[in-house]
Amino acid sequence: MLSADFVRSYIDAWNQRSPRRVAAHLARDGTYHDMGELKQVTRKDFIAHLEDYFSRDSNRYVLVGEVLEGENSIAFQYLACPTGDSADDGGWMGAEFITLDGDAATRIEDYYRDPALASRERGGDSAARYAKSGLSPAAMEAVLCRLTEAMQDDRAYLNSHLSLPELAASLGCSVNHLSQAINEGHGVGFFDYVNGFRVRDATALLTEAGPRAPSILDVALSVGFNSTSTFYAAFKRITGKTPAQFRREALAAVPGPD
């Protein structure tokens, strides 16, 4: 099965809310890793995990951007929408990293920032979530310092394919430790953190006027987004405005020539 066909079938199974169809994509001895709740389950337990999740979930899942392929692995981003296929309906972003053996996945890692989970963390469950991570306050500070250097000095966010595992490897720390550092140090998930830098750069580019002003697509691509849908979703979530609306208002506020 081609990677694109695998992802299409996998997302269709999620949208059909069928635990068995979703779990059928996992090899008999494969494992699913819920990185939002730091939980690992076998294929057998995956079905029960999904039954519980679907009893509370009403989202529709939409593929965002391209499916990235590596040696025996694929990765993709998705958008979870409560009522439709648009980020304007609300929702949240996630990404999955899948290791394949033939037509089945031996390992699925699901990274996301579900607002429902975030609200539970604000209610006091954050410490419990990371209780087994082993990341001390001093170690977290060291990770945050390296992260700041990578983002502000090296501008790692300009890499449109930047992933949590890739960034963790470049910083010399584990995925779980980096996820914890971003969540507890900055109060957001990985995608919101990275996209914050991209949107900051985009707002500066969108204030440029004149015939050489970049198009919105050019702005999106130049700051690290790989699709306009992801750019629009992130931009509106962070600024409360669409890129076009932001540009109109920014340019309208610029004084004209005397």
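Before reading further, recall that the structure is shown in the block above.
Once that is clear, we can look at the sheet that holds strand β6 (residues 104-112). An order of β2-β1-β6-β5-β4-β3 is seen for the six strands of this open sheet, with the pairing classed as mixed. Edge positions in the sheet fall to β2 (39-42) and β3 (60-70), since each has one partner strand and no second. Sheet twist, expressed as the mean angle between neighbouring strand axes with direction ignored, is 20°. As paired elements, strand β4 (residues 73-81) and strand β5 (residues 92-101) share eight bridges and run antiparallel to each other.

Throughout the structure, instances matching the rule amount to 17 aromatic pairs. Plain terms: the ring middles of Trp14 and Tyr61 are 5.6 Å apart, the flat faces sit at 65° to each other, and that makes the pair edge-to-face. A residue pair is termed long-range when its members are at least 10 positions apart, and Trp14 in helix α1 (residues 3-15) and Tyr61 in strand β3 qualify at 47 residues. For Tyr61, a relative accessible area of 6% corresponds to the buried category. Pairwise contacts between aromatic rings join Phe6, Tyr10, Trp14, Tyr53, Phe54, Tyr61, Phe76 and Tyr78 into one cluster. Positioned over the ring face of Phe225 is Arg198, at 5.5 Å from the centre of the ring.

Structurally, Thr31 is set in strand β1 (residues 26-34). For Thr31, a relative accessible area of 15% corresponds to the buried category. Excluding its chain neighbours within four sequence positions, the residues that come into contact with Thr31 are Leu26, Gln40, Val41, Thr106, Arg107 and Ile108.

So, about the pairing of β6. In terms of burial, β6 is a largely internal element, seven of the nine residues being buried. For β1 and β6, the ladder comprises five bridges, and the chain directions are parallel. When the sheet's bridge partners are listed, Thr31 is paired in β6 with Arg107. Alignment of β5 against β6, held across eight bridges, turns out to be antiparallel. Opposite Glu96, over in β6, you have Asp110 as the bridge partner. Hairpin connection of β5 to β6: two residues between the antiparallel strands, including Gly102 at a positive phi of 70°.

Right, let's talk about empty space enclosed by the protein for a bit. Per the counting criterion, the structure on display carries one cavity of 30 Å³ or more. By volume, the largest cavity is sized at about 240 Å³. Elements that contribute at least two residues to the lining of the largest cavity include exactly β3, β4, β5 and α8 (190-206). Sorting elements by how many residues they give to the lining of the largest cavity places α8 first, with five residues. The residue inventory of the lining of the largest cavity, partitioned by class, reads 11 nonpolar, nine polar and three charged.

Between its first and last C-alpha, helix α10 (residues 228-239) extends 16 Å over 12 residues, near the 16 Å set by a 1.5 Å rise per residue. Every buried residue of α10 is listed here: Thr230, Phe231, Ala233, Ala234 and Phe235. The elements touched by buried residues of α10 are β3, β5, α8, α9 (216-222) and α11 (243-252).

The next thing to look at is unusual backbone geometry. Not every positive phi belongs to a glycine, and Arg17 is a case in point at roughly 55°. Among the secondary structure elements, Arg17 is positioned in the loop between α1 and α2 (19-23). Overall, the relative accessible area of 29% leaves Arg17 in the partly exposed class. The backbone phi angle of Arg155 is positive, close to 55°, even though this residue is not glycine. Within the secondary structure, Arg155 sits in the loop between α5 (137-153) and α6 (164-171). The exposure class of Arg155 is partly exposed, given its relative accessible area of 39%.

The rules behind the values
- Residues numbered from 1 in each chain as written.
- Predicted model: local features only at pLDDT ≥ 70, side-chain atom pairs only at ≥ 80, totals over all residues.
- Heavy atoms only, no water.
- Pairing = 2+ DSSP bridges.
- Helix = DSSP H or I, 4+ residues; strand = E, 2+ residues; numbered from the N terminus.
- Axes fitted to C-alpha atoms, helices over the stretch in contact; angles between N-to-C directions.
- Phe/Tyr/Trp six-rings, centres within 6.5 Å; stacked < 30°, edge-to-face > 60°.
- Buried < 20%, exposed > 50% of the residue type's maximum accessible area, 1.4 Å probe, protein only.
- Lys NZ or Arg CZ within 6 Å of the ring centre and 35° of its normal.
- Contact = heavy atoms within 4.5 Å.
- 1 Å grid on protein atoms, 1.4 Å probe; cavity = no way out; pocket = protein on both sides within 12 Å on 5 of 7 lines; lining within 4 Å.
- Points joined across faces, edges and corners; volume = space filled by probe spheres on them.
- Nonpolar A, V, L, I, M, F, W, Y, C, P; charged D, E, K, R; others polar.
- Expected span 1.5 Å × (residues − 1).

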